[in-house]
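# A look at the structure
So you can see what is in the structure, the chains are spelled out below.
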Amino acid sequence: MSSVQVAVVTGSNKGIGLAIVRALCKQFPGDVYLTSRDPGRGQAAVAQLQQEGLRPLFHQLDIDDLQSIRALRDFLKEKYGGLNVLVNNAGIAFKVHDTTPFAVQAEVTLKTNFFGTRNVCTELLPLMKPYGRVVNVYSMVSSSALRGCSQELQQKFHSDTITEDELVQLMAKFVEDTKRNVHDKEGWPNTAYGVSKIGVTVLSRIQARLLNEQRKGDHILLNACCPGWVRTDMAGPKATKSPDEGAETPVYLALLPSSADAPHGQFVSDKTVKPW
Ligand code: NAP
């Protein structure tokens, strides 16, 4: 088994994920895995970084596919005996003018952004080594989505005692409510992407709390962060930041030194802790 440190970035064949891998290849003292659901797109991205003189490694990962997540888990366990850095970056968003029915958008978006990310965490967090760093990419959009929720939902999402099961039930309820066209009446905002990122944010709070309760001595730091508005296929060419600039805050959190005991369980944007 290798004693080399290892970092994994989900959804890193393009956009912010690719830029995170680029920065980690330059700054992380270990192996960096570029992952992609499509091996062809992944290998092309690896070749692009190799042309820049960098040496990322590749592993297939489709966060919608539990078998794919478990194959990566088993590989990491066997080759490295665990994981030092995990960046949950993979995500999707329908375009504003997309005419796909809202209920379908809700199901598809939640499937990847919330349930997929959660499945990665369920399988890979137990592998995190002492002083490990976990970064969940959310969006400031989730704050405005939260303000669009009913008082009752806001209270639940702000709760310091909400459990992962309760959160999963709420996210599943959102999808069901859109199918029955009652999401408005049930207090949900009109944004599937926003709700999915509320889910990621609250999940991060829960996971940080569990790490405090169960693995305090391991000094693992887990945070959610917003990369800003970044020029990628998702956000389009008018966004203000380049992908490399968008990668700065996730990389800062992924590389928090072993002497750091904060931030943990926070929402970070432009390297600054923001209120939830
Ligand atoms: P992007 O250019 O569209 O890249 C998204 C990446 O996620 C792609 O590599 C995509 O792979 C991958 N992905 C999607 N579904 C996946 C799945 N099931 N399994 C594995 N990988 C999957 O978007 P981006 O702008 O870089 O976004 C990266 C993250 O930042 C997302 O979580 C997004 O919500 C968040 N974010 C972005 C902005 C922004 O302004 N761009 C702002 C706030 C937050 P394929 O190539 O195979 O589709």
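Because the structure is a prediction, the values reported are computed rather than measured. (Residues numbered from 1 in each chain as written. Predicted model: local features only at pLDDT ≥ 70, side-chain atom pairs only at ≥ 80, totals over all residues. Heavy atoms only, no water.)

### Considering the packing of aromatic side chains
Summed over the entire model, instances satisfying the criterion amount to nine aromatic pairs. Ring geometry for Y33 against Y80: centres 6.0 Å apart, planes inclined by 80°, an arrangement best described as edge-to-face. Of the two residues, Y33 is situated in strand β2 (residues 30-36) and Y80 in helix α3 (residues 66-80); the sequence distance between them amounts to 47 residues. Each member of the pair, Y33 as well as Y80, carries the same accessibility label: buried. Among the aromatic residues, those joined into a cluster by ring pairs are F102, F157, F174 and W188. (Phe/Tyr/Trp six-rings, centres within 6.5 Å; stacked < 30°, edge-to-face > 60°. Helix = DSSP H or I, 4+ residues; strand = E, 2+ residues; numbered from the N terminus. Buried < 20%, exposed > 50% of the residue type's maximum accessible area, 1.4 Å probe, protein only.)

### Structural notes on the pattern of salt bridges
Tallied over the entire structure, the rule returns 17 salt bridges. Among the ionic pairs, E123 bridges to R73, the shortest N-O distance being 2.7 Å. On the criterion of sequence distance, the pair formed by E123 in helix α4 (residues 102-124) and R73 in helix α3 is long-range, its members being 50 residues apart. Note on E123: relative accessible area 10%, which makes it buried. The exposure class of R73 is buried, given its relative accessible area of 18%. The shortest N-O distance in the salt bridge between R180 and D177 comes to 3.3 Å. Take D177: its relative accessible area is 1%, and that puts it in the buried class. (Salt bridge = Lys/Arg side-chain N within 4 Å of Asp/Glu carboxyl O.)

### Looking at the environment of V202
Relative to the helices and strands, V202 resides in helix α8 (residues 192-214). Separated by 39 residues in sequence, V202 and T163 place their C-alpha atoms 9.6 Å apart. Residues within four places of V202 in sequence aside, it is in contact with F157, I162, L167 and W276. (Contact = heavy atoms within 4.5 Å.)

### Considering the environment of T35
Among the structural elements, T35 can be located in strand β2. Relative accessible area serves as the criterion here: at 0%, T35 is assigned to the buried category. Here the alpha-carbon distance between T35 and D62, two residues 27 residues apart in the chain, equals 8.4 Å. Apart from residues lying up to four places away in sequence, T35 is in contact with V8, V9, T10, G11, S12, N13, F58, H59 and L61. Within polar-contact distance, the side chain of T35 engages the backbone oxygen of V9 at 2.7 Å. (Polar contact = N/O pair within 3.5 Å; in protein donor to acceptor, adjacent residues only side chain to side chain.)

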